[in-house]
Amino acid sequence: AHLAGADGLPECPVPRIFIHSRRDAICPPGPLEQLVASLAGEKRLLWLEAADHFFSDALPQLEELVFELG
């Protein structure tokens, strides 16, 4: 699966963390899971139960997760 804006991710040498909403209509979860699985190197895919692509109803949870990862 090719996701817009994903060019260059396979060659990225740094660890990658993806935080994603399971209800994202712009970047559906299935293709993102395939993309992340195809990447070499260290990567993580974390899910939030947010209403949309912009985490509009889950911004506090997003901020907390980013802070914990920091």
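Criteria and thresholds
Residues numbered from 1 in each chain as written. Predicted model: local features only at pLDDT ≥ 70, side-chain atom pairs only at ≥ 80, totals over all residues. Heavy atoms only, no water. Helix = DSSP H or I, 4+ residues; strand = E, 2+ residues; numbered from the N terminus. Buried < 20%, exposed > 50% of the residue type's maximum accessible area, 1.4 Å probe, protein only. Contact = heavy atoms within 4.5 Å. Areas by Shrake-Rupley, 256 points an atom, 1.4 Å probe, with all protein chains shown as cover. Pairing = 2+ DSSP bridges. Right-handed = clockwise from strand over helix to strand, strands pointing away.

(A) Here's a closer look at the overall build of the protein. Across its full length, the protein carries two helices and two strands. Across the protein, helices and strands are ordered from the amino to the carboxyl terminus as β-α-β-α. Out of the 70 residues belonging to the protein, those deemed buried represent 30%. Relative to all contacts within the protein whose residues are 6 or more apart in sequence, the contacts with residues 24 or more apart total 64%. As displayed, the protein offers around 4700 Å² of accessible surface, 58% of which is attributable to carbon and sulfur atoms.

(B) Up close: the pairing of strand β2 (residues 43–48). Across six bridges, strand β1 (residues 16–21) lies against β2 in parallel orientation. Paired with F18 across the two strands is L45, which belongs to β2. As for the winding sense of the linkage, the β-α-β connection from β1 through helix α1 (residues 29–38) to β2 is right-handed.

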